[in-house]
Amino acid sequence: LACFGGSIHLSVIEVLERDVGLRLTNSLESAATDGFLEKVDLGYRFSHDRVQEAAYNMLNSQDRAKRHLKYGLALCMRATLDDNNGMIFTAVGQVNRTGPEIIYSAEEKSLISASNFRAGRKAMGLSDFGSALKFFERGIDFLHNDHWDDDYEFSLEIFDCAAKCAYAIGDHEKLKLLSNQILVSARSFEGKLNVLCYTINLLCDASLLDKAIEKCTWLLSMLGVEFSWASSRDTTLILVEKMRSILSGHSNEFLLQYIKMKDHSKIIAMKVLSRLNITLVLSRPDFSPVATLQMVELSLTHGMSPMSAIGFVYLGSMLASLGHMREGSRFVKLALNIVQLFGSKELAGEVMAISTQTAAYVEPMQSAIEFHMVGHKSSQEVGDIRSASLNFLLYCGGLFWSGAHLNRVKVRYEEACRFMEQHNMLSMMQTEGRWKINKLINGYESGIDIPVVTSKHCVDDKNLYARKYFHFQNMYVTFIYRDFGKMKSAAEKFIESKFEGWTILVAPGAQAFIFGLVSFWIFRQTHDMQWLAQGTASKDLIQKWEETSEWNFFHKRNLLEAEEHFCRNNYDKARLCYNVAISASKEHKFIHDEALACELAGHFSFEMGDMSAALEYFTRSNESYYEWGAIAKATAVFNHAVFTFQNVNAQP
């Protein structure tokens, strides 16, 4: 009993008695009577840990190893014969306390390898990828020297599973070692595909995006699929319209009943295109639609596959970004249905990440973003750590822009960053927003600056999205704290970043809103007409999104109109729009936008010489910022109001 730790199950006792020939029941009953053991519902346990230790230490190391092996082999055999998943962990727990050096039977080694593989798969099913990796590694230890020749299929499968688990827990060194074994020993391109995809993921995680793209295009060429780099934006728009025309004749119901893809090379090409697509989104966004359209075209030509969900979710997001919001929503829903149709749990997280961002332009943002945590959980369960991290990060950003209390947002950001650190996903942290929240809570001069990792990635890397987001965060904080000079500089760099994505995300909606407000302020200070044009363009974009989500964009459009009227000297219209924006943002639970609208209305009223109204607006702004959790910003608004009115009263 001591070999099994603190307790033993009745089912294990039955195997040991039946298959090993031990006579345990009477001895266990006597030990229980003497107080060394306690009888429980389904077995026995030691009355104290020290009793178990003393019993175990009575055996020398060689005797322990023999017993663990003997009991473990019997349990492995019984678990295999009875297809008993419940016993497999106990079985491998015994044999794994020995080593392959004391086993000379090839059959016994094969049994132990197969049992560890089975335990590893079960652990993967429980989303315990760390334990699963240990089982797979132990199973590999028991493989004989010529296993790649004599048992190729099993060898490939156990190494493949081990590599997946290593990637899932962020152990990149083990992943490289396992991948090298597969790349050297796999007999076919198909056998190497999974680890090649992990290699692409590693390149992306290290922000080596050009190398990731090079690897993807090489893989596609090996599959006989050529990727076109000759597409301009105008040409891509023509291709998009052509695809819209084709799909307009097919309902979602028709597409869900469409033929299934059978050409295995095309199925593999779909997987590679999906990896290429996400890489292009970050570094060469002009070409990401080409990958998306190619995936959809392959689906229509050769049939639907689980990967078709990725093609259609990005198509939906792309159409939404072009202003076809309802049509985009249709294909996003189709993608979710394809995941359900094929039972594609491994793709659910990525599809939910993109579909939820699109939904935030149709449904109330506060409720839509909660599905990111569903996507986060789904991704974790299958070991898709990249999608799990992406969902968590997008959720945190959505919380901020939906007006959730800043302390809650801060806690969630910290949880997300810990998760990414634990899984070696440091490159994704370049867009995290904790510093912005700290500025709002602790103050503009708090000494908390943009993380070094963020600055480094934006300067050195090819990640254009990260670069633009970096400049946007600078622009946002300097705008919120009314630092005109630094804000104008950040706005100019924001324009220079020239990232025009084809994917609809929550961040661009926030960027358009804030950039519009910034542009109108710069125009009033400089009278440079290009800034008035920039602000008007942002307002028009927000108005377009308002057509599908009045809840999210009505108050934003009114605040932008108020600022535009202010610029054009339409003061009565400006005053009306400020009040509508304040009322609507309050009604729709965007407390941070309510605070901002009140503050801008206060500055407007002050410029108009209406000191009483200005004081009232600044007071409401202070209260709203405080309610949001932006303590330092609330204090700054209060101090500004006090300073302003003291100066006014001091004038003769």
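That block above? That's the structure.
None of these values were measured; they are calculated from a predicted model.

Rules used in this analysis
Residues numbered from 1 in each chain as written. Predicted model: local features only at pLDDT ≥ 70, side-chain atom pairs only at ≥ 80, totals over all residues. Heavy atoms only, no water. Helix = DSSP H or I, 4+ residues; strand = E, 2+ residues; numbered from the N terminus. Buried < 20%, exposed > 50% of the residue type's maximum accessible area, 1.4 Å probe, protein only. Contact = heavy atoms within 4.5 Å. Areas by Shrake-Rupley, 256 points an atom, 1.4 Å probe, with all protein chains shown as cover. Lys, Arg positive; Asp, Glu negative; His and termini not counted. Charge placed at Lys NZ, Arg CZ, Asp CG, Glu CD. Salt bridge = Lys/Arg side-chain N within 4 Å of Asp/Glu carboxyl O. 1 Å grid on protein atoms, 1.4 Å probe; cavity = no way out; pocket = protein on both sides within 12 Å on 5 of 7 lines; lining within 4 Å. Points joined across faces, edges and corners; volume = space filled by probe spheres on them. Nonpolar A, V, L, I, M, F, W, Y, C, P; charged D, E, K, R; others polar. Phe/Tyr/Trp six-rings, centres within 6.5 Å; stacked < 30°, edge-to-face > 60°. Expected span 1.5 Å × (residues − 1). Axes fitted to C-alpha atoms, helices over the stretch in contact; angles between N-to-C directions. Parallel < 35°, antiparallel > 145°, perpendicular 65-115°, else oblique. Pairing = 2+ DSSP bridges. Core = buried A, V, L, I, M, F, W, Y, C linked by side-chain atoms within 4.5 Å. Disulfide = S-S within 2.5 Å. Patch = residues over 30% accessible without salt bridge, like charges linked within 9 Å, V, L, I, M, F, W, Y side chains within 5 Å.

1. Here's the deal with the overall build of the protein chain
What the protein chain contains, in helices and strands, is 34 helices and 3 strands. Its C-alpha atoms put the protein chain at 105 × 65 × 45 Å along the principal axes. Going through the 652 residues of the protein chain one by one, you find that 56% of them count as buried. Contacts in the protein chain between residues far apart in sequence, at least 24 positions, make up 67% of those at least 6 positions apart. As presented, the protein chain carries roughly 28,600 Å² of accessible surface, and 52% of it is formed by carbon and sulfur atoms. Considering the protein chain, the positive charge centre built from 67 side chains and the negative charge centre built from 75 side chains are found 1 Å apart.

2. A few points about the pattern of salt bridges
In this structure the tally under the stated criterion is 27 salt bridges. Put simply, R244 and E241 hold a salt bridge, and the shortest N to O gap is 3.1 Å. Here R244 and its partner E241 are both found in helix 13 (residues 233-247), 3 residues apart, which amounts to about one turn of the helix. The salt bridge partner of R557 is E561, with a shortest N-O separation of 3.3 Å. With a gap of 4 residues between them, R557 and E561 both fall in helix 30 (residues 550-567), about one helical turn apart. No difference in accessibility class separates R557 from E561, as the two residues are buried. Via salt bridges that share partners, K539, D540, E564 and R568 belong to a single interconnected network.

3. Here's the deal with empty space enclosed by the protein
Evaluation of the coordinates by the stated rule reveals 3 cavities of 30 Å³ or more. Empty space within the largest cavity amounts to approximately 100 Å³. Every residue lining the largest cavity is listed: A360, Y361, M365, W401, V506, G509, A510, F513, F553, K556, H592 and D593. Listed by contribution, the elements that provide at least two residues to the lining of the largest cavity are helix 28 (506-526), helix 30 and helix 32 (591-607). Top element by residues in the lining of the largest cavity is helix 28. It accounts for 4 residues. Partitioning the lining of the largest cavity into residue classes produces 8 nonpolar, 2 polar and 2 charged. Taken as a whole, the second largest cavity encloses approximately 50 Å³ of empty space. Forming the boundary of the second largest cavity are W401, Y476, I480, F513, I514, H592, D593, L596 and Y625. No other element matches the 3 residues that helix 32 contributes to the lining of the second largest cavity. A class-by-class count of the residues in the lining of the second largest cavity yields 7 nonpolar, 1 polar and 1 charged.

4. Describing the packing of aromatic side chains
Counted according to the given criterion, the structure contains 32 aromatic pairs. Between the aromatic rings of F472 and F494, the centroid separation amounts to 6.1 Å while the plane-to-plane angle is 50°, which identifies the pairing as tilted. Here the residue F472 occupies a position in helix 26 (residues 464-480), and F494 occupies one in helix 27 (residues 484-496), the gap between them amounting to 22 residues. Residue classification places F472 among the buried residues on the basis of a relative accessible area of 1%. Measuring from ring centre to ring centre gives 5.0 Å for F566 and F604, while their planes differ by 85°; the resulting arrangement is edge-to-face. Of this pair, F566 sits in helix 30 while F604 is found in helix 32, placing the two residues 38 residues apart along the sequence.

5. A few points about helix 22 (residues 385-401)
Taking 1.5 Å of rise per residue, 17 residues should cover 24 Å, and helix 22 covers 24 Å from first to last C-alpha, within 8% of that figure. For helix 22, the tally of buried residues reaches 16 of 17 residues, placing the bulk of the element in the interior. Within two residues after helix 22, G403 carries a phi angle of roughly 90°, on the positive side.

6. Concerning the packing of helix 28 against helix 32
For any two helices packed against each other, one specifies the inter-axial angle together with the distance between the axes. One way to put it is that helix 28 packs onto helix 32 with a least axis distance of 13 Å and a crossing angle of 10°. Overall, the two elements helix 28 and helix 32 adopt an arrangement that is roughly parallel. Taken together, the residues of helix 32 that come into contact with helix 28 (itself represented by F513, I514 and L517) are D593, L596 and L600.

7. A look at the sheet that holds strand 1 (residues 7-9)
In space, the 3 strands of this open sheet follow the order 1-3-2, with antiparallel pairing throughout. Looking at strand neighbours, the two that pair on one side only are strand 1 and strand 2 (37-40), the edges of this open sheet. Ignoring which end each strand starts from, the neighbouring axes of this sheet average 20° apart. Sitting on the sheet, helix 1 (residues 10-20) touches strand 1 and strand 3 (43-46), and the angle it makes with strand 1 is about 75°.

8. Some details on the pairing of strand 2
Remark: a regular strand shows side chains that alternate across the two faces of the sheet. Pairing between strand 2 and strand 3: 4 bridges, direction antiparallel. Pairing of L37 across the sheet is with F46, part of strand 3. The hairpin turn running from strand 2 into strand 3, its antiparallel successor, is 2 residues long.

9. Some details on the nonpolar core
Formed by 158 residues in total, the largest nonpolar core has its most connected members in W401, M475, Y476, F479, I514 and L596. No other element matches the 13 residues that helix 28 contributes to this core. Not counting the four nearest positions on each side in its chain, W401 is found in contact with M365, K436, Y469, F472, Y476, V506, A510, I514, F590 and H592.

10. A closer look at unusual backbone geometry
Backbone geometry places S127, a non-glycine residue, at a positive phi of 65°. Position of S127 relative to the elements: it lies in the loop between helix 6 (106-125) and helix 7 (129-141). By relative accessible area, which is 27% here, S127 ends up partly exposed. We note that K589 has phi near 70°; this positive angle belongs to a residue other than glycine. Residue position: K589 is located in the loop between helix 31 (571-587) and helix 32.

11. Looking at the side chain of H471
Residue position: H471 is located in helix 26. Excluding anything up to four places from it in sequence, H471 contacts A490, K493, F494 and S497.

12. What to know about the state of the cysteines
Inspection of every chain in the model, using the stated rule, returns 0 disulfides. Free of any disulfide, C197 has its nearest neighbouring cysteine sulfur in C216, separated by 7.5 Å. C417 supplies the cysteine sulfur nearest to C396, a cysteine that is in no disulfide, at a spacing of 7.5 Å.

13. Focus on the pairing of strand 3
One ladder, built from 3 bridges, connects strand 1 with strand 3; its direction is antiparallel. Each bridged residue has a counterpart across the sheet, and for S7 the counterpart in strand 3 is R45.

14. Some details on the environment of E587
The topology assignment puts E587 in helix 31. Classification of E587 as exposed rests on a relative accessible area of 53%.

15. Structural notes on a negative patch on the surface
Together, D146, D149, D150, D151 and E153 give the surface a local cluster of negative charge. By the secondary structure assignment, D146 is in the loop between helix 7 and helix 8 (147-150).

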